[in-house]
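Architecture at a glance
Here is how the chains run, residue by residue.
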Amino acid sequence: MTTPAGQTETGGSTPIGEEALRAAKVLHPDENFMPRPTKRRVLTVANQKGGVGKTTSTVNLAAGLALHGVKTLVIDLDPQGNASTAVDVDHRSGTPSVYEMLIGEVSLVDAAQVSSQSENLLCVPATIDLAGAEIELVSMQSRESRLKEALSAEALDQLGVDYVFIDCPPSLGLLTVNALVAAHEVLIPIQCEYYALEGLGQLLSNIELVQKHLNRTLSVSTILLTMYDGRTKLADQVTQEVKNHFGEVVLKTIIPRSVKVSEAPGYGQTVLAFDPGSRGAMSYLDAARELAERGVEGKQE
Ligand SMILES: Nc1ncnc2c1ncn2[C@@H]1O[C@H](COP(=O)(O)OP(=O)(O)OP(=O)(O)O)[C@@H](O)[C@H]1O
Ligand SMILES: [Mg+2]
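What you see is a predicted model, and the numbers here were worked out from it, not measured in a lab.

When helices and strands are counted, the protein shows 14 helices and seven strands. Taking 301 residues into account, the globule formula puts the C-alpha radius of gyration at 19 Å, and the protein, at 19 Å, falls close to it. When the backbone C-alpha atoms are referred to their principal axes, the protein occupies close to 70 × 40 × 40 Å. Considering only residue pairs separated by 6 or more positions, the protein has 76% of its internal contacts joining residues 24 or more positions apart.

Our focus in this paragraph is the nonpolar core. Burial of nonpolar side chains together is a common tendency in soluble globular proteins. The biggest cluster of nonpolar side chains holds 85 residues, and the ones touching the most others in it are Ala-62, Val-98, Val-164, Ile-166 and Ala-179. When residues in this core are grouped by element, the largest group, eight residues, is from helix 14 (residues 279-294). Beyond its immediate chain neighbours, meaning those up to four positions away, Val-98 contacts Ile-75, Asp-76, Leu-77, Ala-111, Val-124, Pro-125, Ala-126 and Leu-130.

Attention now moves to the UniProt feature "domain: AAA" (unreviewed entry) in the protein. UniProt records the feature "domain: AAA" (unreviewed entry) for residues 41-219 in the present numbering. Counting secondary structure, residues 41-219 comes out at 39% helix and 16% strand; the distance between its end C-alpha atoms is 12 Å.

Every one of the 19 residues lining ligand 1 counts as a neighbour, but Lys-54, Thr-55, Thr-56, Pro-170 and Ser-262 are closest to it. Taken together, the elements giving at least two residues each to the shell around ligand 1 come down to helix 2 (54-67) and helix 12 (259-263). With three residues, the top contributor of residues to the shell around ligand 1 is helix 2. Looking at the shell around ligand 1, its residues break down into six nonpolar, ten polar and three charged.

The buried count for helix 9 (residues 174-182) comes to nine of nine residues, which makes it a mostly enclosed element. Residues of helix 9 that are buried include every one of Leu-174, Leu-175, Thr-176, Val-177, Asn-178, Ala-179, Leu-180, Val-181 and Ala-182, and no others. The inward-facing, buried residues of helix 9 abut strand 1 (41-45), helix 6 (133-138), helix 7 (146-150), strand 5 (163-167), strand 6 (185-191) and helix 10 (200-213).

Now for the sheet that holds strand 4 (residues 121-124). Here seven strands make up an open sheet; going across it, the order is 3-4-2-5-1-6-7 and the pairing mixed. Looking at which strands have only one partner, the edges of the open sheet turn out to be strand 3 (113-114) and strand 7 (219-226). Of the strand pairs in this sheet, strand 2 (residues 72-76) and strand 5 are connected by five bridges, and their pairing is parallel. Within strand 5, the residue paired with Val-74 across the bridge is Phe-165. Across the sheet, helix 9 lies against strand 1, strand 5 and strand 6, angled at about 155° from strand 1, the strand it touches most.

Here Val-89 is to be found in the loop between helix 3 (82-86) and helix 4 (98-102). Val-89 sits in the buried class, given 26 other C-beta atoms within 10 Å. As for Val-89 and Gly-268, which are separated by 179 residues in sequence, their C-alpha atoms are 8.7 Å apart. Ignoring any residue separated from it by four or fewer positions in sequence, one finds Val-89 in contact with Ser-84, Gln-113, Ser-115, Cys-123 and Pro-125.

Burial of strand 4 is two-sided: the residues Leu-121 and Cys-123 facing one way and the residues Leu-122 and Val-124 facing the other way are all buried. Of the strand pairs in this sheet, strand 3 and strand 4 are connected by two bridges, and their pairing is antiparallel. Residue pairing for strand 4: Gln-113 is matched across the bridge by Cys-123. Counted along the chain from strand 3 to the antiparallel partner strand 4, the turn is six residues long.

Rules of the game
- Residues take numbers from 1 onward in each chain, read along the sequence in its written order.
- Here the convention is simple: chains get letters from A, ligands get numbers from 1, in the order in which they are written.
- Per-residue local features of the predicted model are confined to residues with pLDDT of at least 70, and side-chain atom pairs are confined, for both listing and counting, to 80 or more; whole-chain, interface and lining totals are unaffected and use all residues.
- Note on conventions: DSSP H or I runs of at least 4 residues are helices, E runs of at least 2 residues are strands, and numbering of each starts at the N terminus.
- Our radius of gyration is a C-alpha quantity, and the globule rule it is checked against amounts to 2.2 Å times the number of residues to the power 0.38.
- In this description, any two residues whose backbone-derived C-beta atoms lie within 7 Å of each other are considered to be in contact.
- For this analysis, nonpolar core means a set of buried Ala, Val, Leu, Ile, Met, Phe, Trp, Tyr and Cys residues linked through C-beta atoms within 7 Å.
- Here the C-beta atoms are placed from the backbone, and a residue counts as buried if at least 20 other C-beta atoms lie within 10 Å of its own, exposed if 12 or fewer do, and partly exposed otherwise.
- UniProt positions are given in the numbering used here, feature names are shortened, and annotations may be inferred rather than shown by experiment.
- For each residue, a C-beta position is placed from the backbone atoms; the residue is near a molecule or strand when that point lies within 6 Å of it.
- Under this grouping Gly is polar, as are all residues other than the nonpolar Ala, Val, Leu, Ile, Met, Phe, Trp, Tyr, Cys and Pro and the charged Asp, Glu, Lys and Arg.
- Note: two strands are recorded as paired if DSSP finds a minimum of 2 bridges between them.
- Between N-to-C directions, angles cover 0 to 180 degrees, with each direction set by a line fitted to C-alpha atoms, over the stretch in contact for helices.

As structure tokens, then:
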């Protein structure tokens, strides 16, 4: 028999009880607020390899921070609009979106919507109109820094956000360059599988080019290992290789492969909203806390 706190009468715990406790930790964060950063943080989530967990990490880290009192903005910079779907904001064609923001038709404040999942979670959606932007931008003035201009300090102050996550498409084109110019930090999700590091060299050299010519303050601050499958030896090998290569920028929290994580977007939800007691939700919450603690000066390890 179990008590409401998930403990058995003999003092042990049951899987269901543990899950309920985890869910309570996610959903009732009052005593568990995450620290606000010393300075506003703008992170670009990039990896030109497709399907490595960029969008999943963007929306779940953002939701983790938002649910714990930190106002967070997601910029959906991928014409697929997956981040907009996961945080459940309107992104039908014609909705004021990141496309209109890039071409200077609407301001950040007018394009940002509040997610139904948390009043601290905002999102500038991507509509299908963004699909042509990569080409349209080529002939525009200051084509690499249009997102940076839209994300001005004044506009971000007006929204009152402490974190901005920019979800990139799986390419190194002008949209990703705009994201790298607009951010201070790059967060690279790496999938724990074979070929994980392939193509990373190209991403890193693009980041170096941007650092040299367009954004001196940019740095790769965070690597997040995703879709870890503990049953395979390979996952451990990749994890070790990434840690050897990148050292302390790799978050200690590793995101496991979990069906709940992949099911959540189908319900227009982050996994934190969809199944807060799941391992996937907990691990994204842990990763968000680690990220938040690194953002407080004097607290870095
Ligand atoms: N931890 C996880 N466990 C199980 N499935 C996951 C996990 N993380 C992501 N997925 C699933 O893997 C697929 C790719 O994830 P996601 O869309 O986040 O990657 P992406 O890098 O944004 O892809 P793209 O390059 O197309 O933008 C999605 O179907 C997602 O639901
Ligand atoms: Mg994506």
